[in-house]
Amino acid sequence: MATYQLSVNGKRKEVTADPSTPLLWVLREELKMTGTKYGCGVSACGACTVHVAGVATRSCIVPISLVGERPVVTIEAMHDDPVGRAVQDAWVEKDVVQCGYCQSGQIMCAVALLKATPKPTDKNIEESLGGNVCRCGTYVRIREAIKRASQQLA
Amino acid sequence: MMHNRRNMLRTFVFLLAISTAWIVLLRVADQAKSAASNNTQAGGLAAWEEVYSVLTSPRCINCHTATNYPQQGDDRHRHVANVIRGPEDKGVPGLNCASCHQESNADSTGAPGGHNWHLAPLSMQWQDLNDRPLLSAVVCRSVTDRSKNHNLDGPGLLKHHEEEALVLWAWNPGRRPDGTMRTLPPLSHSEFVAATRRWVEAGTPCPK
């Protein structure tokens, strides 16, 4: 076990965990931040996506020992982020969610995309969210909502 | 009179002998030089084939694709999760290489990692569009083409093979998600560097 000083959503958090513990489980089990979801555990579905130093990161395969000083931002902080807020509003407006399980990961990737590419094309959206799987098949509404958020932010 | 003629003849014979000996010596030296050059060329080409065997191993060639995606595994299958190359060979926002690949291997989860994880540029593709490794001569010409290889000369290529973090990663590739070790290239890193050095010292010859 080791103790880590993390920056999560702008707050310092001290966590004691085995160095091999994935960031996902530190967030969910130690910090009780359950907005980030466990999907596949092998970075193949995107449900566990958070931002680490601004990069959309699959938290299920990043051990806590490799996070270091880099700030972690999760779905719980998106309502305080202008882009995150616009995306969440668009998600509601377009009624994107069906079961909702994958949606926090979808939103985290959509925010990363819009911060880098404010006016994404269909191709940009398909490529950037190509690793986020939705069993309900909400892809069309996700694309509409990203474009809506982009308009709102323009 | 007779004496003078004899002296002249003697001098002529002497000069002829010296000239003949000189010509023979020059020819022998030339042949030796040519043989040495052939040996160097042959040695250099043999060394290149050793280098090529490493470059086309999965640990190296999986990120030297001709396509818009990397590969993974010893069977060199397309990378999972629809990962694509992106404009800077580092994926795209939301799905960057760094979304999973950290500064070092994550053996507990099976994600390989290293500094500045990225695909090799398309100019350094070592496969065709059907994911088949290119021929040795083609890869050699590509590797030695300074308009394609970040302007590296022979010593620059040697240094790249000796020190580049992602080259070194091939010999420390970490564990797969199932906990087993990833396979290594066919040569050790020191053997790879020694082969590169022999190839560079031979003038980086390429097969025809």
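The structure reproduced in this document is the subject of the present report.

Conventions and cut-offs
Residues numbered from 1 in each chain as written. Chains lettered and ligands numbered in written order. Predicted model: local features only at pLDDT ≥ 70, side-chain atom pairs only at ≥ 80, totals over all residues. Axes fitted to C-alpha atoms, helices over the stretch in contact; angles between N-to-C directions. Helix = DSSP H or I, 4+ residues; strand = E, 2+ residues; numbered from the N terminus. Parallel < 35°, antiparallel > 145°, perpendicular 65-115°, else oblique. Left-handed = near helix turned anticlockwise from the far one by under 90°. Contact = placed C-beta atoms within 7 Å. Nonpolar A, V, L, I, M, F, W, Y, C, P; charged D, E, K, R; others polar. Core = buried A, V, L, I, M, F, W, Y, C linked by C-beta atoms within 7 Å. Buried ≥ 20, exposed ≤ 12 C-beta atoms within 10 Å, placed from the backbone. Domains from an automatic or database assignment.

## Overview of the packing of helix 2 (residues 82-93) of chain A against helix 5 (residues 139-153) of chain A
Residue and element names in this part refer to chain A.
Logical step 1: Running from N to C, helix 2 and helix 5 cross one another at 130 degrees; their axes reach a closest spacing of 8 Å. As the angle between them shows, helix 2 and helix 5 are arranged oblique. Helix 2 and helix 5 meet at a crossing whose hand is right-handed. Contact residues: helix 2 offers Val83, Ala86, Val87, Asp89, Ala90, Trp91 and Glu93, while helix 5 offers Ala145, Arg148, Ala149, Gln152 and Leu153.
Logical step 2: Tallied by class, residues from the contact of helix 2 with helix 5 come to eight nonpolar, one polar and three charged.

## Quick word on the nonpolar core
In globular proteins that are soluble, nonpolar side chains generally tend to be buried together.
Residues and elements named next belong to chain A.
Logical step 1: Counting residues in each nonpolar core, the largest one holds 47 residues, and the members touching the most others are Val67, Val87, Ile107, Met108, Ala110, Val111 and Ile146.
Logical step 2: Those elements that place two or more of their residues in this core are strand 1 (2-8), helix 1 (23-30), strand 3 (49-52), strand 5 (72-73), helix 2, helix 3 (103-116) and helix 5.
Logical step 3: In terms of residue count, helix 3 provides more of this core than any other element does, eight residues in total.
Logical step 4: Residue contributions to this core reach at least three from each of two domains, namely domain 1 (2-74) and domain 2 (77-153).
Logical step 5: Apart from residues no more than four positions distant in its own chain, methionine 108 is found in contact with Thr49, Val50, His51, Ala56 and Ile75.

## Description of the interface of chain B and chain A
Logical step 1: Counting residues at the interface gives 21 residues for chain B, matched by 23 residues for chain A.
Logical step 2: In the side of chain B that touches chain A, the residues fall into twelve nonpolar, eight polar and one charged.

Without other data, these values stay purely geometric and don't point to any function.
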